Structure formats: C-alpha cells, structure tokens
Amino acid sequence: MNTPWWKQAVVYQIYPRSFMDSNGDGIGDLRGITSRLDYLKKLGIDVIWLSPIYQSPNDDNGYDISDYRAIMTEFGTMEDFDELLAKAHEKGLKIVMDLVVNHTSDEHRWFAESRKGGEGPYRDYYIWRDGKEDGGLPNNWGACFGGPAWQFDQERGQYYLHLFSKKQPDLNWDHPAVRDDVFDMMNWWCEKGIDGFRMDVISMISKTKDMPDGEVKGLYGDYSPYCVHGPKVHDYLREMNRKVLSKYDLMTVGETAGVTPKDACLYAGADRGELNMVFQFEHVDVHGAYGKWNEKRMPLPQLKEILSRWQTELSGKAWNSLFWDNHDQPRAVSRFGDDRAPYRVLSAKALATCLHMMQGTPYIYQGEELGMTNYPFRGPEDFQDIESLHAYEEWCESGRVSHERFWPCIAAVSRDNARTPMQWDETDQAGFTKGTPWMPVNPNYKEINARAELADPDSVFYHYQKLIALRKQYPVIVHGTYRLLLPDSEELFVYERILGEEKLLVVCSFADHETEFQVPGEFVLGTCLISNYRDRPEKGVLRAYEAVVLHRQPGL
Ligand code: GLC
Ligand code: CA
C-alpha cells in the first residue's frame, strides 16, 4: 500500500506569538521556535503548522496579512524563517504554513490600490457594492467579529465586504487576477521548500453574485448561505490544485466551518484533486442563547455520535483531521475533561488516547501535550482577542445580557484561553520570555510546565509521546476501520479499530468516578498498548478517566 506521508503524520500547531520569545520583547518569534525544535522532535511529531507569520498590522494576530512575502517584524526576518525551515528539515520535521486568502489586511497594497477605484488594475480585487438607494448598507449581513459585514470607504465612495473584522476585507476570487496573484504567492512559498498549507476559512472564498439579506440571527442577517461553500469554491480549489498543489509533495488541510461529511468528500475526496483533508467543527460547536458563547458541555452520546459519523462516513473516501482544540478554541482539558486536581492529568491523557486512536491526522495544539488549562480571566479587561472583545461589547455592554449571566459563557470559550504563553518551566513568565509577555502567563505554570513534565515519566507529555509512537508502529491505527460500541453510555467512549486480523479496543472513561465495564472476551488476553493507570482494568470496573487500548494479536 502506498500511503501518503500525511496520513501517518502527527501535526503540532504553533501559535508563534505565544510559543517562545527569543529576544525579551514579550512576543514569541521565529528564533524562539527554532530554539525549541528538539522539544518537538522529542515529542515525536512530524509536522509543524505555523499560524500566520506574515507581515500584518495584527488586528487579528496575523490573520490579517499586509504582505504575503514578508515576515511580521515582531517575529523576525526572512533569514530567520529560512533558518527555521532548514533546521526543521535537518531534523526530519516538516513545516506547513497558514494560508489566509479569503481576505487580506486593509493595509495590503492591493487594498490601498483597490480603494482608489477608477480603472486601475486592482479595482476589482475586493468585493465592492454601492449602498442601498437610501444610502444604507448593501444588505443586512453581520461580520464574524461583530458589527455589519460592510464598511463604507470614503476614498472609493462604496462599501466593501468583510466577513471578519473591517480590517480584513474579503478578496474577490471571481476576478482571475486575484487567483493568479494568490497562486503565484503560493508557488513562491513552495519553491522555498515548505511542506504544505493550512487554508484559513477556505470554504468562504466563493460568494454568490446576488447578495440578498440573510435570515436575522441575533443582531444581523446570516451570510452563510451566500458565502459558505459558495458556487465556485470547488472550481477554484481544483484550479489551485492544478496550478500549485499538484506540482509539489504537500499536505493540505482546509478550514471549513459548517461542513458535513458529504461536503468533506467534495473538498477532500481522494479522487477530487482538491485538498487532502478538512477541519470540521461539529464536535466543538455548542450553541446556546448567546450563540457560540456558552459554557454548556456537549453530552457524551452526542459527541460520540458526531465523531463516529465522521469516522465512518469518510472511511475509504476522504481523510479526517483529528483535534480537540486550536488557537480559536478553549483548552481541551478544561472543555472536555476536568482541569482540577486530581483529574487534570488523567483526563488530559484520556482525551489524548480517545482522539489519537481514531483514523485521521491528529493535530496537537501547543501546550495540549502538557495538559495546559483555560485561563482564569477576571473580566473583559483581561481579553486581547478581537472576537471576544467585540462579543462582550455586543452582548453585554449593549445591555442585552447581564455581565453575571454572560461572563461565565465567554470566559469558558474565549479564544484567549488558548493564547496565553506556552509554559516551559517554573521560572518567571514560565520561561516564555525574559520581558513582559504580551498575554499574561497562566498562574498555574509552576505546576504545569514542560520542564516538570519532561522529568516525570508519568506526565501528559510522555503519554502523547507514546501515542504518537504507537501510530507509527501499528498500521491498524492509521488504516483500520472504526466501530463505536456503547453509543448511549454517558460515561464511556469505547470503539474498535479493525485491520484484517488485527483489532484494537479503545476504552476511555469521561467520568470522574468508577464505571462498570466488562472487557469483551476476545481482548481479555490482549496486550495493553497504553493506559493512564499503572495496571489494566479489572473486575468489570473502570476507574475515573481511565483510558486503555487493548490489542488482540492476530490468531488469538
Ligand atoms: C480562521 C482562523 C481565525 C481567524 C479567522 C479569520 O477561523 O482560525 O483565528 O480569526 O479565520 O481569518
Ligand atoms: Ca520576541
């Protein structure tokens, strides 16, 4: 079987601003990353996904790019990048870049030219519309980060579309020159030797020509029927594949909020010539009275139903990305496990086991391998994230919801939870910086940090290391089919993986107490590949957050 490398790979996501600061300005940087490659090598990952490192005014921390071919000044220079890439490659690590091409920064040269209007070559690079006859906005759409999705530009005398902040104008992919410029830029990075792209909100690049008002949800109309999985998105991805991706040996993953498994088979179907895989968000999507802002947990049977449906429906057709968290999500152990003693370590390991034994490419978000937790925010004054700040304004300061009701919701899921500095050791600022960090370090760094975990053979770190090693050793983890057991259990996540004669049983407790469980007969004599307790389950009982993987040898 000729398996592409990205099917056997484990990815580690770095949010550069918060990973490692090399020069004491409080902001993580490229040299900082280079200085920690040995740590990543030790963990055993194969691929680093770098959140954006391009020149940016940082309205959305680099997801608003003003020059795709330059490095953000705070992160270093192009020489620093070349060194990082060369050193990573020397160590056998690959680097995947974040590609943010649904929009640019309003400080990008293309936008500066486009807003001049007239007959210039950049005139149609963005999505411009006249206001309604009464001068009002072209339609009622709301932007992701609050406010309307249209901004009036004095210079051009028209409105431009921005599905995110007003400093992130959407590119007009229907204009061929835009596509050519984006593909040229991608080829330029590929020629440097990068190993792939994670494509930011790529499902939103094609918009319908007509842009009618959307159904009002909350304060504004919903743009998604007109902008998500738009009419030409697959044409554009196939064109990108022809003109760029197919020429190199790359890993490509599309961020595609709102996809179903059926859509995923279009974006990432094995024979479609588009992408290798997509990020879907169904399992992290819990909506309540205040939209995404809520502290409710998804009931375990529902979580299992979603993840299992993705496992079975993509099987043999497309490829899954596996993740619990990233730079836009709260910390996995706080959201799905229990971040309080004595369960933090156990539940972080159980979550890791549960995800890493599935089919797909696992993504580890920086600090997840240490069981890093959400941050104890005291109030909105502690936020930096544009989305959280705007949401607080729109829901609370507007008087729609009281602080008392809203605060626990936003504190639980704010993206800033994921963005506090990486906890390297027990020294000041967790060893992240010698200066003042741009985001405060989580006060629990003396207990939770890489140095302490590297010194403890029972740490979350070594559990991840072992899971990664198992994936390399047992083809059933990469290729096996998947079958969920006990779908209705509210405490246990149990599934089998099967490849020919080989079978794995994965049993993970999501409960903070003992649960009844009988190991099925065929696994009683199987080997235990990994466990978060010292001995294997006995007497029909699983302990709190116990997670084991049992392997039935062929012939048994
Ligand atoms: C993606 C990114 C997120 C960013 C947004 C706009 O969802 O992951 O961090 O804010 O796109 O680029
Ligand atoms: Ca720095």
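For the structure, check the block above.
Residues numbered from 1 in each chain as written. Chains lettered and ligands numbered in written order. Predicted model: local features only at pLDDT ≥ 70, side-chain atom pairs only at ≥ 80, totals over all residues. Heavy atoms only, no water.

Once that is clear, we can look at the nonpolar core. By size, the foremost hydrophobic cluster in this structure holds 141 residues, and its most contacted members are Phe 81, Met 186 and Phe 197. Excluding residues within four positions of it along the chain, Phe 197 makes contact with Val 96, Met 97, Leu 99, Met 186, Trp 189, Cys 190, Leu 245, Leu 250, Met 251, Thr 252 and Val 253. In terms of nonpolar packing, the next biggest core, distinct from the first, is built from 18 residues, Trp 141, Ala 143, Phe 145 and Trp 150 among them. (Core = buried A, V, L, I, M, F, W, Y, C linked by side-chain atoms within 4.5 Å. Buried < 20%, exposed > 50% of the residue type's maximum accessible area, 1.4 Å probe, protein only. Contact = heavy atoms within 4.5 Å.)

One can describe the packing of helix 4 (residues 78-90) onto helix 6 (residues 176-192) by two numbers: an axis separation of 11 Å at closest approach and a directional angle of 55°. The pairing of helix 4 with helix 6 is recorded here as oblique in orientation. Where helix 4 approaches helix 6, its residues Met 78, Phe 81, Asp 82 and Leu 85 are matched on the opposing element by Trp 188, Trp 189 and Lys 192. A breakdown of the residues in the contact of helix 4 with helix 6 according to their chemical character gives 5 nonpolar, no polar and 2 charged. (Axes fitted to C-alpha atoms, helices over the stretch in contact; angles between N-to-C directions. Helix = DSSP H or I, 4+ residues; strand = E, 2+ residues; numbered from the N terminus. Parallel < 35°, antiparallel > 145°, perpendicular 65-115°, else oblique. Nonpolar A, V, L, I, M, F, W, Y, C, P; charged D, E, K, R; others polar.)

Among all positions of helix 8 (residues 233-243), only Val 233, His 234, Tyr 236, Leu 237, Glu 239, Met 240 and Asn 241 are buried. Packing partners of the buried residues in helix 8 comprise strand 5 (94-99), helix 6, strand 9 (196-199) and helix 9 (261-268).

This part takes up the coordination of the calcium ion (ligand 2). Looking at the calcium ion (ligand 2), the protein donor atoms are Asp 21 (OD), Asn 23 (OD1), Asp 25 (OD), Ile 27 (O) and Asp 29 (OD), and they sit 2.2 to 2.4 Å from it. Summarised as a motif, the one-chain spacing of the donors to the calcium ion (ligand 2) is D-x1-N-x1-D-x1-I-x1-D. (Donors = N, O, S within 2.8 Å, 3.2 Å for Na, K, Ca; no water.)

Now for the pattern of salt bridges. Tallying each qualifying case throughout the model produces 47 salt bridges. The salt bridge partner of Glu 74 is Arg 17, with a shortest N-O separation of 3.3 Å. Of this pair, Glu 74 sits in the loop between strand 4 (67-71) and helix 4 while Arg 17 is found in the loop between strand 1 (11-14) and helix 2 (30-35), placing the two residues 57 residues apart along the sequence. With its nearest N and O atoms 2.7 Å apart, the salt bridge here joins Glu 305 to Arg 309. Remark: Arg 309 and Glu 305 occur in helix 10 (residues 300-314); sequence separation between them is 4 residues, near one turn of the helix. On the basis of relative accessible area, Glu 305 is assigned to the partly exposed category, the value being 39%. Each of Asp 60, Lys 292, Asp 328, Asp 385, Glu 387, Arg 415 and Arg 419 takes part in salt bridges that share partners, so that together they form one network. (Salt bridge = Lys/Arg side-chain N within 4 Å of Asp/Glu carboxyl O.)

A word on the sheet that holds strand 7 (residues 150-153). The strand order across the open sheet formed by 3 strands is 6-8-7, and the pairing between neighbours is antiparallel. Only two strands of the sheet have a single neighbouring strand rather than two, namely strand 6 (128-129) and strand 7. Bridge analysis of strand 6 against strand 8 (residues 158-161) gives 2 bridges, and the strand direction is antiparallel. Counted as the bridge partner of Arg 129 is Tyr 159 from strand 8. (Pairing = 2+ DSSP bridges.)

Positionally, Asp 425 belongs in the loop between helix 14 (403-413) and helix 15 (450-454). Judged by relative accessible area, which is 10%, Asp 425 ranks as buried. In this structure the side chain of Asp 425 is engaged in a polar contact, spanning 3.3 Å, whose partner is the backbone nitrogen of Gly 431. Not counting residues within four places of it along the chain, the set of residues in contact with Asp 425 comprises Ala 430, Gly 431, Tyr 445, Asn 449 and Arg 451. (Polar contact = N/O pair within 3.5 Å; in protein donor to acceptor, adjacent residues only side chain to side chain.)

Glancing now at the packing of aromatic side chains. Taken as a whole and judged by the stated rule, the model has 43 aromatic pairs. A ring pair is formed by Tyr 290 and Phe 406, whose centres lie 5.7 Å apart and whose planes are at 70°; its orientation type is edge-to-face. Of this pair, Tyr 290 sits in the loop between strand 13 (277-279) and helix 10 while Phe 406 is found in helix 14, placing the two residues 116 residues apart along the sequence. For the pair shown, Tyr 290 and Phe 406 are each scored as buried. Ring centres 5.7 Å apart and planes at 55° place the aromatic pair Tyr 343 and Tyr 545 in the tilted group. Of this pair, Tyr 343 sits in the loop between helix 11 (332-336) and helix 12 (344-356) while Tyr 545 sits in the loop between strand 21 (541-542) and strand 22 (547-552), placing them 202 residues apart in sequence. By relative accessible area, Tyr 343 is classed as partly exposed at 22%. Clustering of aromatic rings is evident, with ring pairs tying together Tyr 54, Tyr 68, Phe 81, Trp 110, Tyr 122, Tyr 125, Trp 188 and Trp 189. Sitting above the plane of the Trp 5 ring, Lys 94 keeps its charged end 4.5 Å from the centroid. (Phe/Tyr/Trp six-rings, centres within 6.5 Å; stacked < 30°, edge-to-face > 60°. Lys NZ or Arg CZ within 6 Å of the ring centre and 35° of its normal.)

The next subject is the sheet that holds strand 1. Across the sheet, which stays open at both edges, the 8 strands sit in the order 13-12-9-5-2-1-15-14 with parallel pairing between neighbours. Looking along the sheet, the strands with just one partner apiece sit at the ends: strand 13 and strand 14 (321-322). The pairing of strand 1 with strand 2 (residues 47-50) spans 4 bridges and is parallel. Residue pairing for strand 2: Gln 13 is matched across the bridge by Trp 49. Lying over the sheet, helix 4 contacts strand 2 and strand 5, oriented at roughly 140° with respect to strand 5.

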